[in-house]
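These are the residues of each chain, in order.
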Amino acid sequence: MTLLDVAGLRTEFATPTRAVAAVDGLSFQLRPGEILGLVGESGSGKTVACRSLLRLLPSRRARIAAGTVMFENRDLMRLSEAEMRVVRGRDIAMIFQNPASHLDPVFTVGDLIAEPLIWHFGESRRAARKRAVELLRQVGIPDPAGQIERYPHQFSGGMKQRVMIAAALACEPKILLADEPTTALDVTVQAQILRLLLDLRDRTGLAIVLVTHDIGVVAETCDSVVVLYSGRVMECGGTQDVLTRPRHPYTRGLLDSLPTTAARGAELPSISGYPPPLDRLPQGCRFHPRCRFAIDRCRREPIELETVDDGHASACVRWREVMEVGP
Amino acid sequence: MNDLLVDVRDLSVRYTLSRSFADLLRRKPGRELAAVDGAHLAIRKGEAVGLVGESGSGKSSLGRALLRLTPATGEVRFDGTDVLRQDRRSLLAYRKRAQMVFQDPLASLNPRFKVGEALAEVLRVHRLTRREEIPGRVAALLDTVGLDTEFADRRPRGLSGGQCQRVGIARALAVEPEFIIADEPVSALDLSIQAQILNLFLRLQREMQLTMLFISHDLGVVHHLCQRVAVMYLGRIVEEGPADEIFYHPKHPYTQSLVEAMPRVEFPKGRRELPRLEGEPPSPADKPPGCAFHPRCPHVMDACRQDPPPSIRRVGAAATACHLYPETEKA
């Protein structure tokens, strides 16, 4: 059963001269209880993709140029703004990298968590506050009843992230979009937040789209993964398939770049060059200028995703050779 | 040991916290915060030492104190001379031998200077190169860090993060230093660029026999680059030893949880249970009594709540400051 079906999503940004596509042809399916990783480096479009799903982009500059996002037999991209507001927070909720800038500092955490319940379900303030205490307990905040009158700035970074998760879960959404939720946290705290997300999934069947740049985080938490580069999907599939048998030179290059997989002090087989700016994307495959597998065809035409194995697809014409050549 | 280049003894860095308006009126003295609290660290010539810790552990303060970029007490002996007690002139001479690379390369480069000008300024200030030879030297520096000569005419704004960091490294190398302190130099970079910069550091170590203190929150990065690693928690060095020892056989419970918490790409995994370390590092302004790690420590004992941990001492191949390792263990 598919909960969310994204097909051919294309998000464009206006520049003074023309429109550039920050996300181009993104497709994936999300099942209930699945954790899907959207992984990529800065500028790969992972955050734009995530925000596009909820249409949370600045409407003056950004527009969804193509694609469908099917959720419960409706295409989210075609809903009115009023209909969309009902979906946001109730059916699909989102958490962000920096909780401090997404929690209104003038409200107590109790009010922040109660607000979506009052707005979406018309619950009484008293009932919503009671539920807020319960939610704070669920996300592992000690003494929840005593915390509810405190303000966001009185919490540590990890605790703020827990508060944001509690607020996101208030309406029991079916999908949680998590945009780099642990990037700003220390590694020991990151492990706690990841464990919390896994526990929530196990307990409630919540499906999660986890946006991250950290392949280690993907390996630890995600069931499936979509690898983005310059707005295009390079490779997607089950996490273990993609990370142990990468079929795209970019994925392979990222894995080779991890200092923990190389011998200590050995030169890392890094990817040469830099990602292209969005307004100067190369012809053909966007990765080809940095790719050591590139052939003429890669420079001429965009390479489409091709199924390489059950549920595993790669946008590389030479996917068969990717693992056969040494670093 | 005569091949010791940097010998840090009992180094402390204290900051005075800003007072609230009410406290100002009451003329209450500002409270002090010990960002670094009695640290000892020895770095041999040609060695790369990693300094690991979470935010607020004092690792950056320690690094800055070594270059006297922040006031400190204790001793920092560089090649036998105490840096903390040097006058201005010998300090300038010291900074010709020791340099720093910062985390945010864009913020640490003057936006008005072209890359070439920024590098030329270093050469001029330290009177290292004759005027007519400066352009050639700038080109050579850019080449060392893997940048094309045309970058000399670009301004920092037009560069990517990785390119900026290469300029930051070139600027540090301009004085041909013996010792480089790199403070989170790859933390702001994407993985593929991080690997390029790590390779550059490895090459510099190999080819120039640079001595390095590499500060990072990422144990994996530090382990890859450094021969020895020191781990800091709330201002104290809690464990120190050979990189492999710290990475594979950590002794201090904090190091153990740090290693455990590292997200890994390892398959097949029975979805290894993510570690259960509770809590977060407290504020350095409000350290717990006894061992600062005790509220989070899975092995906490009564002694840890009351007495500060013993001073750092050898346990196997490494050294640690923890009540778990009480008496002298044979090395």
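It should be emphasised that the depicted structure is a prediction, and the values quoted were computed from it without experimental measurement.

J.: What should I look at first to understand the overall build of chain A in this one?
T.: The helix and strand inventory of chain A stands at 11 helices and 12 strands. Judged by the C-alpha coordinates and their principal axes, chain A covers about 65 × 50 × 40 Å. Put simply, chain A has 327 residues, and 48% of those count as buried. Residue pairs at least 24 apart in sequence account for 62% of intrachain contacts in chain A once pairs closer than 6 positions are excluded.

J.: In this structure, what is going on with the overall build of chain B? I would like to understand it.
T.: Broken down by element type, chain B carries 11 helices and 12 strands. In terms of overall dimensions, chain B is globule-like: its C-alpha atoms have a radius of gyration of 21 Å, near the 20 Å expected for 331 residues. Overall size of chain B, expressed as C-alpha extent along the three principal axes, is 70 × 60 × 45 Å. Out of the 331 residues belonging to chain B, those deemed buried represent 46%. Sequence-distant contacts, at least 24 apart, represent 65% of the contacts inside chain B between residues at least 6 apart.

J.: Any chance you could explain the nonpolar core here in plain terms?
T.: Side chains of nonpolar character tend, in soluble globular proteins, to be buried together. Of all hydrophobic cores here, the largest spans 190 residues; its most connected members are Ala166, Val209 and Val227 of chain A together with Val231 of chain B. With 8 residues, helix H6 (residues 157-169) of chain A is the single largest residue contributor to this core. If you count residues domain by domain, this core takes at least three from each of domain 1 (1-91 + 175-193 + 204-327) and domain 2 (100-172) of chain A. Setting aside anything within four residues of it in sequence, one finds Val209 of chain A in contact with Leu30, Leu36, Leu38, Cys50, Ile175, Leu177 and Ala178 of chain A.

J.: I'm lost on the domain arrangement of chain A in this one. Help?
T.: In many reports, interface size means the accessible area that the parts give up when they come together. Residue and element names in this part refer to chain A. Per the domain assignment, the segments of chain A are domain 1 (1-91 + 175-193 + 204-327) and domain 2 (100-172). Once you take the C-alpha centre of each, domain 1 and domain 2 turn out to be 31 Å apart. Taken residue by residue, the interface counts 9 residues in domain 1 and 7 residues in domain 2. The element that contributes the greatest number of residues to the side of domain 1 that touches domain 2 is helix H7 (residues 187-204), accounting for 3 residues. Here the side of domain 1 that touches domain 2 is built from residues that sort into 6 nonpolar, 2 polar and 1 charged.

J.: What exactly am I supposed to notice about the interface of chain B and chain A here?
T.: Contacts between chain B and chain A engage 35 residues on the former and 38 residues on the latter. Residue assignment for the side of chain B that touches chain A shows that the elements contributing at least two residues are helix H7 (191-208), helix H8 (219-225) and helix H10 (253-261) of chain B. With 9 residues, the top contributor of residues to the side of chain B that touches chain A is H7 of chain B. For the side of chain B that touches chain A, the per-class residue count stands at 18 nonpolar, 12 polar and 5 charged.

J.: Explain the packing of helix H10 (residues 249-257) of chain A against H7 of chain B to me, please; I cannot follow it from the model alone.
T.: In helix packing, the relevant descriptors are the interaxial angle and the interaxial distance, both defined with respect to the helix axes. Orientation of H10 of chain A relative to H7 of chain B, taken along the N-to-C sense of each, is 45°, at an axis distance of 9 Å. When the axis of H10 of chain A is compared with that of H7 of chain B, the two are oblique. Helix-helix and strand crossings are classified by hand; for H10 of chain A and H7 of chain B the assignment is left-handed. Facing Gly253, Leu254 and Ser257 of chain A of H10 of chain A, the residues of H7 of chain B in contact are Leu191, Ser192, Gln194 and Ala195 of chain B. When its residues are assigned to classes, the contact of H10 of chain A with H7 of chain B shows 3 nonpolar, 4 polar and no charged.

J.: Whenever I open this one, the environment of Pro185 of chain B confuses me. Can you help?
T.: Residue and element names in this part refer to chain B. Summarising the element assignment, Pro185 is placed in the loop between strand E7 (179-183) and H7. Sequence separation between Pro185 and Ile197 is 12 residues, and the spatial gap between their C-alpha atoms is 8.4 Å. Sequence-distant contacts of Pro185, that is, excluding residues within four places in its chain, are made with Val101, Gln103, Gln165 and Ile197.

J.: Help me understand H10 of chain A, please; the structure alone is not making it clear to me.
T.: Every α-helix winds through 3.6 residues per turn, so residues three or four apart in the chain are directed the same way. The buried fraction of H10 of chain A amounts to 7 of the 9 residues, a majority that puts the element mostly inside the structure. Check the buried side of H10 of chain A and you find it contacts helix H8 (215-221), strand E9 (224-229), strand E10 (232-238) and helix H9 (239-244) of chain A together with H7 of chain B.

J.: Honestly, the packing of H6 of chain A against H7 of chain A in this entry has me stumped. Any pointers?
T.: All names here are of chain A. Between H6 and H7, the least distance of the axes is 10 Å, while the angle of their chain directions is 15°. Relative to H7, the element H6 lies roughly parallel. Note on packing geometry: the crossing formed by H6 with H7 is right-handed. Contacts between H6 and H7 involve Gly157, Gly158, Gln161, Arg162 and Ile165 from the first element and Val189, Gln192, Ile193 and Leu196 from the second. Among the residues making up the contact of H6 with H7, the classes are represented as 4 nonpolar, 4 polar and 1 charged.

J.: Could you clarify how one ought to interpret H7 of chain B in this entry?
T.: Here H7 of chain B is 18 residues long and its end C-alpha atoms lie 25 Å apart, about the 26 Å a rise of 1.5 Å per residue gives. The set of residues buried in H7 of chain B consists of Leu191, Ser192, Ile193, Gln194, Ala195, Gln196, Ile197, Leu198, Leu200, Phe201 and Gln205 of chain B. Check the buried side of H7 of chain B and you find it contacts H10 of chain A together with strand E3 (48-52), helix H6 (161-173), strand E8 (211-216) and H8 of chain B. Looking one or two places after H7 of chain B, you find Gln209 of chain B, whose phi comes out positive at around 50°.

J.: Which parts of the structure should I look at to understand the pairing of strand E8 (residues 207-212) of chain A?
T.: Residues in a regular strand point their side chains to alternate faces of the sheet. Residue and element names in this part refer to chain A. Counting buried positions over the 6 residues of E8 gives 6, a clear majority of the element. Because side chains alternate across E8, one face comprises the buried residues Ala207, Val209 and Val211, and the other comprises Ile208, Leu210 and Thr212, equally buried. Direction of pairing for strand E3 (residues 35-39) relative to E8: parallel, over a ladder of 5 bridges. In the strand pairing of E8, Val39 is matched with Thr212. Since strand E7 (residues 175-179) and E8 lie parallel, the crossover through H7 that links them has a hand, and here it is right-handed.

J.: Looking at this structure, I do not really get unusual backbone geometry. What am I missing?
T.: Note on backbone geometry: most residues besides glycine have negative phi, and most peptide bonds are trans. All names here are of chain B. Backbone geometry at Asp79 places phi at a positive 50°, although glycine is not the residue there. Relative to the assigned elements, Asp79 resides in the loop between strand E4 (73-78) and strand E5 (81-82). A count of 15 C-beta atoms within 10 Å places Asp79 in the partly exposed class. Positive phi is not limited to glycine here, since Glu176 has a value of about 50°. With respect to the secondary-structure elements, Glu176 resides in the loop between H6 and E7. A count of 13 C-beta atoms within 10 Å places Glu176 in the partly exposed class.

J.: I'm lost on the sheet that holds E7 of chain B in this one. Help?
T.: Residues and elements named next belong to chain B. In space, the 8 strands of this open sheet follow the order E6-E7-E8-E3-E9-E10-E12-E11, with mixed pairing throughout. Because the sheet does not close on itself, it has two edges, and the strands there are strand E6 (98-101) and strand E11 (313-315). Here the strands of the sheet are splayed against their neighbours by 20° on average, with no regard to which way each runs. Packed onto the sheet, H6 meets E6 and E7 and runs at close to 175° relative to E6.

J.: Would you mind going over the sheet that holds E5 of chain B with me for this structure?
T.: Sheet strands pair by backbone hydrogen bonding; their relative direction is either parallel or antiparallel. All names here are of chain B. On the basis of which strands lie adjacent, the open sheet formed by 4 strands has the order E2-E1-E4-E5 and antiparallel pairing. Only two strands of the sheet have a single neighbouring strand rather than two, namely strand E2 (32-44) and E5. The sheet contact formed by strand E1 (residues 4-16) and E4 spans 5 bridges and is antiparallel. From the neighbouring strand, Asp7 faces E4, where its bridge partner is Arg77. Sheet strands in contact with helix H2 (residues 59-66) are E1, E2 and E4, and its direction is about 120° off that of E1.

Conventions adopted
- Residues numbered from 1 in each chain as written.
- Chains lettered and ligands numbered in written order.
- Predicted model: local features only at pLDDT ≥ 70, side-chain atom pairs only at ≥ 80, totals over all residues.
- Helix = DSSP H or I, 4+ residues; strand = E, 2+ residues; numbered from the N terminus.
- Buried ≥ 20, exposed ≤ 12 C-beta atoms within 10 Å, placed from the backbone.
- Contact = placed C-beta atoms within 7 Å.
- Rg over C-alpha atoms; globule rule 2.2 N^0.38 Å.
- Core = buried A, V, L, I, M, F, W, Y, C linked by C-beta atoms within 7 Å.
- Domains from an automatic or database assignment.
- Nonpolar A, V, L, I, M, F, W, Y, C, P; charged D, E, K, R; others polar.
- Axes fitted to C-alpha atoms, helices over the stretch in contact; angles between N-to-C directions.
- Parallel < 35°, antiparallel > 145°, perpendicular 65-115°, else oblique.
- Left-handed = near helix turned anticlockwise from the far one by under 90°.
- Expected span 1.5 Å × (residues − 1).
- Pairing = 2+ DSSP bridges.
- Right-handed = clockwise from strand over helix to strand, strands pointing away.

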